[in-house]
Structures are given as structure tokens and as C-alpha cells.
Number of protein chains: 2
Amino acid sequence: MKDMTSISKTNCSELALLARKFNCFYLSGLRQGICKPFLVAGHQVGLIRPDVLKYLRTFPEVFRITGEYVELNPAFRNYQERTSKVAEVLQNLRKENEICALKGWRDECFEVSTPFHHESLLEMDRSAVCLFGIRNYGISVNGYLFHPSKGLCIWLQQRSFTKQTWPGKWDCFVSGGLAVGFGILETAIKEVAEEASVVGELVKKLVPAGCVSFYFESERGLFPNTEYVYDLELPSEFVPKNADGEVETFELLTAEECVQRALTPQFKTTGAPVLLDFLIRRGYINPENEPNYRHIVELLHVPLQTIYNSSLRDITSNGDVQNSES
Amino acid sequence: MKDMTSISKTNCSELALLARKFNCFYLSGLRQGICKPFLVAGHQVGLIRPDVLKYLRTFPEVFRITGEYVELNPAFRNYQERTSKVAEVLQNLRKENEICALKGWRDECFEVSTPFHHESLLEMDRSAVCLFGIRNYGISVNGYLFHPSKGLCIWLQQRSFTKQTWPGKWDCFVSGGLAVGFGILETAIKEVAEEASVVGELVKKLVPAGCVSFYFESERGLFPNTEYVYDLELPSEFVPKNADGEVETFELLTAEECVQRALTPQFKTTGAPVLLDFLIRRGYINPENEPNYRHIVELLHVPLQTIYNSSLRDITSNGDVQNSES
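Residues numbered from 1 in each chain as written. Chains lettered and ligands numbered in written order. Predicted model: local features only at pLDDT ≥ 70, side-chain atom pairs only at ≥ 80, totals over all residues. Heavy atoms only, no water.

The name an unreviewed UniProt entry assigns to chain A is Thiamin pyrophosphokinase, from the organism Danaus plexippus plexippus.

Moving on, we come to the sheet that holds strand β2 (residues 43–48) of chain A. Residues and elements named next belong to chain A. The sheet built from 4 strands is open, its strands ordered β2-β1-β4-β3 with mixed pairing. A single partner strand is all that each edge strand has here, and the edge strands are β2 and β3 (63–65). In this sheet, neighbouring strand axes are inclined to one another by 25 degrees on average, regardless of whether the strands run parallel or antiparallel. Here β3 runs beside strand β4 (residues 70–72); their pairing, made up of 3 bridges, is antiparallel. Pairing of Ile65 across the sheet is with Val70, part of β4. (Pairing = 2+ DSSP bridges. Helix = DSSP H or I, 4+ residues; strand = E, 2+ residues; numbered from the N terminus. Axes fitted to C-alpha atoms, helices over the stretch in contact; angles between N-to-C directions.)

With that settled, the discussion passes to the side chain of Asn142 of chain A. All names here are of chain A. Looking at the element boundaries, Asn142 is found in strand β7 (residues 136–147). Assessed through its relative accessible area of 2%, Asn142 is described here as buried. A polar atom in the side chain of Asn142 sits 3.1 Å from the side chain of Asp231. What Asn142 contacts, discounting residues up to four positions off in sequence, is Phe173, Val229, Tyr230, Asp231, Leu232, Val274, Phe278 and Arg281. (Buried < 20%, exposed > 50% of the residue type's maximum accessible area, 1.4 Å probe, protein only. Polar contact = N/O pair within 3.5 Å; in protein donor to acceptor, adjacent residues only side chain to side chain. Contact = heavy atoms within 4.5 Å.)

Time to look at the sheet that holds strand β1 (residues 36–40) of chain B. All names here are of chain B. Pairing within the open sheet is mixed, and its 4 strands lie in the order β2-β1-β4-β3. The open sheet has two edge strands, β2 (43–48) and β3 (63–65), and neither has a second partner. Each strand of the sheet is rotated relative to its neighbour by a mean of 25 degrees, with strand direction disregarded.

All chains considered together, the criterion is met by 29 salt bridges over all chains. Where Arg159 of chain A meets Asp171 of chain A, a salt bridge forms, and the shortest distance between an N and an O atom there is 3.4 Å. Of the two residues, Arg159 of chain A is situated in strand β8 (residues 151–159) and Asp171 of chain A in strand β9 (residues 170–171); the sequence distance between them amounts to 12 residues. When its relative accessible area of 6% is taken as the criterion, Arg159 of chain A is described as buried. Assessed through its relative accessible area of 1%, Asp171 of chain A is described here as buried. For Lys163 of chain B, the salt bridge goes to Glu246 of chain B, with nearest N and O atoms at 2.9 Å. Taken together, the residues span a long stretch of sequence, with Lys163 of chain B in the loop between β8 (151–159) and β9 (170–171) and Glu246 of chain B in the loop between β12 (221–233) and β13 (247–254) at a distance of 83 residues. Look at Glu246 of chain B and you get partly exposed, because its relative accessible area is 30%. Because the salt bridges share partners, they merge into one network encompassing Arg31, Arg49, Asp51 and Glu217 of chain A. (Salt bridge = Lys/Arg side-chain N within 4 Å of Asp/Glu carboxyl O.)

A separate point is the environment of Gly181 of chain A. All names here are of chain A. Locating Gly181 in the fold gives a position in the loop between β10 (174–177) and α5 (184–196). Here Gly181 falls in the exposed class, since its relative accessible area comes to 71%. The spatial distance from the C-alpha of Gly181 to the C-alpha of Phe110 is 9.2 Å, given a sequence separation of 71 residues.

Residue and element names in this part refer to chain A. Judged by how many residues are buried, strand β1 (residues 36–40) sits mostly within the fold: 5 of 5 residues are covered. Direction of pairing for β1 relative to β2: antiparallel, over a ladder of 5 bridges. Considered in β2, the bridge of Leu39 is made with Gln44. Two successive antiparallel strands, β1 and β2, enclose a turn made up of 2 residues, where Ala41 displays a positive phi of approximately 50 degrees. Strand direction decides the pairing type here: β1 and β4, joined by 2 bridges, are parallel. In the strand pairing of β4, Leu39 is matched with Glu71.

Structure below.
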């Protein structure tokens, strides 16, 4: 993983600049040498920034910190023990009220697992996942229709102003994180009902359409995100209605208006990949109108599933850690 | 770029194994240390294997070979000069008749350009591109229809038994390389006419749908391929008819039959990515029926546009070559 910021930004299209923005951490080369690999049971599952490391140092019985990496105490033998030990640390840190990300505590747990064989290692509150650079999975739904005169139109949502993350920002139709105990399609069905009141026969029209992967960084933390994407063609008379208080409003836009909205600071940066992927799959963004087309398609699918394996081998080759996957 | 073969193959689904097969060179970590970067005008544009290197050594006035890399003589100042000098070497090698890839000489030129700003550097015969590991671009078309009882059905072609590469193998509906002087959509339109007699109003139904990128290796050479993908919904009464002698036959298969065909040795390995991408975008392969879904989606979009930049920086950091892109 090398620093790729050397690619000149001159002549980048606006959409390519956006794709670079939601991949700012990927394109930095994962800030090699600055963040430390986070290991659980011999597997690298994340990366930890120096600003988080300083808090973890105060829990040496839970986190073993070397010059090379951070390891969850290998004496914790199973899912439950790892989960409760990490939860204790997080609750302590939360009380100190110094870490921005933990102010958005969710009481909703995400699973930490090995990348390829999906071995479950532990779970932790959704708000903490970005502190450890843990791969984050969610679902996103493109709600769209073909308007007789306007052509392809897409429903966007404006997030509630009371949300902890990205309040008031525009986002794709529906999205949600994969919480422990919920399947992927099951989450999509749950979220379209809660966020947009899509129920009954309409739900059956959800079509899985791939996934997008990108690696974003903000002040809050690190976001190696994979979104499972669903397309949902909606009847022209359907008007989405929020049921869980997480949405401010919905708006139906033409494809061109969507592109323009996505390029404004009012759009949630990490919501843009799903929208761009949809507009590419539907031919609206295409090789004839987008000079950086290939580059953008690649930046919608960065190799998150192998990105940490690669670093783990680096450590292994120093003889420090055994790679239990080889 | 690290060796990623360490990911265990145990429990890989059949489709994931196929995705690994057409990415055998990517997953080998680009055989780091074995192949040499190929530089033109300060840009890395390819990789050269030892079996090719031994032939290039006999042309020291054209190729400068160091311990670290191979460079096209920087004294060649422009596109035309580079093109003619390389063509001379290739014609010489072709006469010797020892290099397998050159036996498939095409008299059709592919362009070699810088990855991001698409600066044209030179052109060379299509058959030679794999000897230098140069990025290779083409178009592929998914011809499909919705059958009232069988659901999603897809037209596949069997390649002519007289073709130099992959004779008699099954492949997606239509595909073709991007030759110098032809646009992307233009190539798609030309190929559907020549290979399947799709003309007139039907052509207007070509919908661009993204691209797939993978890095395959065979005895012939290295294939860092990007295919621009188009979808074409065909009327049920349409029967493709070959017009250029490059197709043996066409067959209409259900989605399930396509998957089974793609898993046989009778399917062109490098045709599989386009088919898998289509079946994923249409929801036939989905997170509920494919355990390695995320991994496969990533292996359909490996980062070819940045893969060589990364290596170039390695060289630069040794002080050997100036990175003219930074």
C-alpha cells in the first residue's frame, strides 16, 4: 500500500475529485507508519490513529501496544470475553467525554470478524468502530423511477438535524448499518420500512445490485465502508414518509440534479459512492461524458477485503506476529 | 503491492475461485521482484517478465535494461518515433517465430498512454501488448432478455475455432478491443454489428453500465484488462448472426445455465468478469446466495489505474527514476 496522492489533481473532473474525497484515507496510502494495525486473535481487523492510541494506553490489561501494532489481549479467549472487555473500556472512555465519536453512542452493536471467512471475533458499539478502523458494513437503497418527460429520477433524503453524524445533510434514499443479528436483505427491508414507509408488495421489488467499498477519514475516525446496494423502482404515485424520526424530508430529483446536489457541501460525503455507482450502472454517467470514468469506477470498489491482510503480512515478515490465515 | 495468495482457498465458493483465477497475477502481488517495471517517458506503463526480457536484451539501442526496470530509450522524442522503433523490434521478434503471443499478430494497434491523464505515448500491435504488461482496454456487451417463464436469459457466443486466442471457448455476447482511432461507444456499436448483426434501432438500446478490471496471466503474457461494459436488452424474436467469421455460434441460456457454463473449462477465463458483473448487477448473484459476494465484487474492480503508479514510486524512492507525475 503506497501513497497515491502523487497522482496530480490537475484536470480531475469534479466527480473524480468527489471520489477522491470519500477515499481520502485510501489515497493517503493508509497513512503508513502513522496508524498502527489493530490485531484480534492474530488477525488484523483495523488500524488505530495516534489520537486514539493515547487513550488506549491507559488500559494495558486490555490493549497490548508495541512499536508495531496494537493487540487485544490474547488471554481473552472468546467472543463474549473480548466483547465485554472492550465494552468496559469504551464505557470508561465515554464517561470521560473526550472522544467525539463516542458522543454518538448508539446502543447498537457491530460485529468485528475476519475478512474472508467471516469468523466472528467480538462486537462493539457502532459509534466506536471508527476509532479502531474496523471494516463497517451497511445497506443502501436507490429509490428511483422513470418520469415520462424528465427521464431517470431519484429520491434523496435529507437527514434529520438531530442526527449525531452528518445532521441535515442530503443522502441517498435509504441506508443503514448492519447490526449484530440482522441479515443483509433483512436490514434493507427493515430500513426501507423505518426510513421511508416502504412496505408490503413494494418491498419485493428490492433488487440487489452489488456493493461499493471506499475508505474515508474524518476527525471522528476511520471509515473503511462497504455498502450492499439495492435498487428499488418506485411507482410514480409513491411518496416516501419517514417513520423513525431520522429523516428531515425527501425530495425527488432528476439524475442531473442529483449529480449537482452530490457535488455540494450539503451532501453526505460517504453517501455519494452509492449514488455515483447507481448513475454509472444506469448509464447516466458514462465513458462519453466522464473523462475519469475508469478511475471513478475503481474508487467505488477499493480493495477493503484484502487491504489489512496486506499489512498483516508486513508485520509477519518482521517475525512479530503469526499470520494465522496463511 | 503484497502477495495475497496467503488468503486460504478453503471454503472459497466456486465463483470466488473463478474470480481468483482471472486475477491470478493480481493476487500473486504482481510477482514482485520477478517482473521489471516498463517505463516510457518517465511513466511506468507496464511490467515485463523474465521470459520476455531475454528477447529485449538483444535490442539495447531500443530498451535500456537496469537491475530495477526496463526503459524505452528516452532519446525517442515523440509518439511516432517510439511507435516505429518498437514496431521494428516486434517485426524482428516475429520473424524469429519464438514468442507465442506474436504468432497472433493482428495488424491492429493499441495505444499505450499514461494512466490518469491519458497522454498518448506510443502504439503497438495488439498481440504484443501482453508481452509488456500494458493496460488493455476493450468493450463487452451483455445481450439479454426477460423470458416470460425462464426469467433472465443471456446470449453467449462461442468463439470461432480459428481464433488465435481462446479458440472454441464460450464468451459473453459481444466483445472487442479498443483500437487506436476508435471511441468507446463507437467500438461497442462496431462490434455488435460485426459479431452479432445488431444494427439500426437496436443499437440505440446499448446502455453503458460501468467497467470491470482484473489482472490475469497466462503463458502468452500479462493481462491488466479493463472492459467497458454495455447492457443490451434484445427482443425475444432477435437471433444474433455473426458477420465477421469470428463467432462459431450463439446460444441463449438462463442465468443459472450461464453460471454453470462460466464454471467449466469451456468458458474463456477473461470473459467471466463481465458475465459475473452482469449477474451481480441484476441481483441474480446476491449477498443471500453467494458467501464471498463482497470479495468477488472487489475482484471485478481491482485498482489497475493506480497499480503501476505505486510501483513507480518504489523506484523513485531509490532515486533511480524521476516520477514526472508528482
